Amino acid sequence: MASFKLEFFNIFALFMIIASIFMTSSTNAQLSRSFYASSCSLLETTVREGVREALRKEARMGASILRLFFHDCFVNGCDGSILLDDTATFTGEKNAFPNRNSARGFEVIDDLKGRVERVCNNTVSCADILALAARESVVLLGGPSWVVSLGRRDARTASQSAANSDLPGPSSDLATLIRQFAAKGLSATDMTALSGGHTIGFSQCLNFRSRIYNDANIDANFAATRQANCPASGGDSNLAPFDLTQNRFDNSYFRQLTNKRGLLHSDQELFNNGTQDSLVTTYSTRPLTFFRDFANAMVKMGNISPLTGTNGEIRRSCRVVN
């Protein structure tokens, strides 16, 4: 009888261990390239065609989508939280200072979600769609590709306060930038490479006014050119490109920095007699090295605290929780 009880106890203990492993794997599942291989085999093709159509209408949208992904991942991880609209009872991230009146591309993500829903209903998260859209935007504008691991789920909440505190600002100094990226598990090299995403897109006068009127480490002709469209007061939303090839993903951003023509104060901080000067110089002359480091950093950023397994949800609409 004692032997039977011992055997039963051993079997029960084994069962509990197996159940524990199963539960752990379901709630802490890892991202995988093949996550949707059987459930949504047309996912990547569908997203690629949707992004291609969006960029054909407006090339600037590629930079906007890339920025959305960056701003999503830096606030509580890559969970689609930036896509949530405010409601009477919910405050999201769209109106945080770094996003208000500047984050854009939400309609494109809505369109991509609709396209994906038509080929595989209630299967793919908005967070994964955004991750894929960011890659396709870079590739379609001439930049590098990388493997996007999938399996993220969507957050049911967001944090405006975290968006205000965690996202790097246009006036940040180098030490602050390095610290903020390190807090997300990203190195100084990752930070400098990811900053190269500013090789595409535009910024508003509000973000670079102080630099073009007050900074000393700026090319005088460049400052004068930007002042023509960014007065000392007013014109806050007037746009200027980050570099001269704003619709092509290349390394010209870094060449701009070596000539003291960074648009934002935080851009020029990467080349201002600091620890990143050598790397900026390398990227300015070796585009393939920049492409490699950028792709690697995008993979790392895409792995910041994703919701997986049974955490979060698969939103029916990217703008609201289910």
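Residues numbered from 1 in each chain as written. Predicted model: local features only at pLDDT ≥ 70, side-chain atom pairs only at ≥ 80, totals over all residues. Heavy atoms only, no water.

Visitor: Just checking my understanding: could you explain the state of the cysteines for this structure?
Guide: Think of a disulfide as a covalent bridge from one cysteine sulfur atom to another cysteine sulfur atom. Going through the model one piece at a time under the given rule, you end up with four disulfides. In this model cysteine 73 forms its disulfide with cysteine 78; the gap between the sulfur atoms is 2.0 Å. Here the S-S torsion is close to 120 degrees, and the disulfide linking cysteine 73 with cysteine 78 is therefore right-handed. On the basis of relative accessibility, which here comes to 1%, the residue cysteine 78 falls in the buried class. Each sulfur in the disulfide pair cysteine 126 and cysteine 318 lies 2.1 Å from the other. Looking down the S-S bond of the cysteine 126 and cysteine 318 bridge, the torsion is -95 degrees, so its handedness is left-handed. Residue cysteine 126 is found in helix α5 (residues 126–140), and its partner cysteine 318 is found in the segment after α14 (287–302); the two are separated by 192 residues along the sequence. Each member of the pair, cysteine 126 as well as cysteine 318, carries the same accessibility label: buried. (Disulfide = S-S within 2.5 Å. Buried < 20%, exposed > 50% of the residue type's maximum accessible area, 1.4 Å probe, protein only. Helix = DSSP H or I, 4+ residues; strand = E, 2+ residues; numbered from the N terminus.)

Visitor: How should I be thinking about the packing of aromatic side chains in this particular structure?
Guide: Here the distance between the centres and the angle between the planes together describe a pair of aromatic rings. The tally for this structure, following the rule as stated, stands at 14 aromatic pairs. An angle of 5 degrees between the planes, with centres 5.7 Å apart, marks the rings of phenylalanine 249 and phenylalanine 290 as stacked. In this pair, phenylalanine 249 sits in the loop between β2 (239–241) and α11 (252–258) while phenylalanine 290 sits in helix α14, placing the two residues 41 residues apart along the sequence. Phenylalanine 290 matches phenylalanine 249 in its accessibility class, with the two residues each being buried. Between tyrosine 253 and phenylalanine 254, the aromatic rings sit 5.0 Å apart at their centres with planes inclined by 80 degrees, giving edge-to-face as the arrangement. One exposure class covers both tyrosine 253 and phenylalanine 254, and it is buried. Members of the aromatic cluster, each reached through a chain of ring pairs, are Trp146, Phe249, Tyr253, Phe254, Tyr283, Phe290, Phe291 and Phe294. The lysine or arginine in question, lysine 94, covers the ring of phenylalanine 106, its NZ or CZ lying 4.1 Å from the ring centre. (Phe/Tyr/Trp six-rings, centres within 6.5 Å; stacked < 30°, edge-to-face > 60°. Lys NZ or Arg CZ within 6 Å of the ring centre and 35° of its normal.)

Visitor: Can you help me understand the nonpolar core in this one?
Guide: What tends to happen in soluble globular proteins is that the nonpolar side chains get buried as a cluster. Formed by 69 residues in total, the largest nonpolar core has its most connected members in Leu43, Phe69, Phe294 and Met301. Here this core spans two domains, and each of domain 1 (42–167) and domain 2 (174–302) adds at least three residues to it. (Core = buried A, V, L, I, M, F, W, Y, C linked by side-chain atoms within 4.5 Å. Domains from an automatic or database assignment.)

Visitor: I would appreciate a short explanation of the UniProt feature "active site" (unreviewed entry) in the protein chain in the present structure.
Guide: Taking the UniProt record as the reference, the feature "active site" (unreviewed entry) is found at His71. If you trace the backbone, histidine 71 turns up in helix α3 (residues 61–73). Apart from the residues lying within four places of it in its own chain, the contact partners of histidine 71 are Ile82, Pro98, Asn99 and Leu167. (UniProt positions renumbered as here; feature names shortened; annotations may be inferred. Contact = heavy atoms within 4.5 Å.)

Visitor: How should I be thinking about helix α9 (residues 205–214) in this particular structure?
Guide: Quick reminder: α-helices carry 3.6 residues per turn. Residues three or four places apart thus point the same way. Along α9, the residues that are buried comprise Cys205, Phe208, Arg209, Arg211 and Ile212. If you follow the buried residues of α9, they end up packed against β1 (202–204), α10 (220–227), β2 and α12 (265–268).

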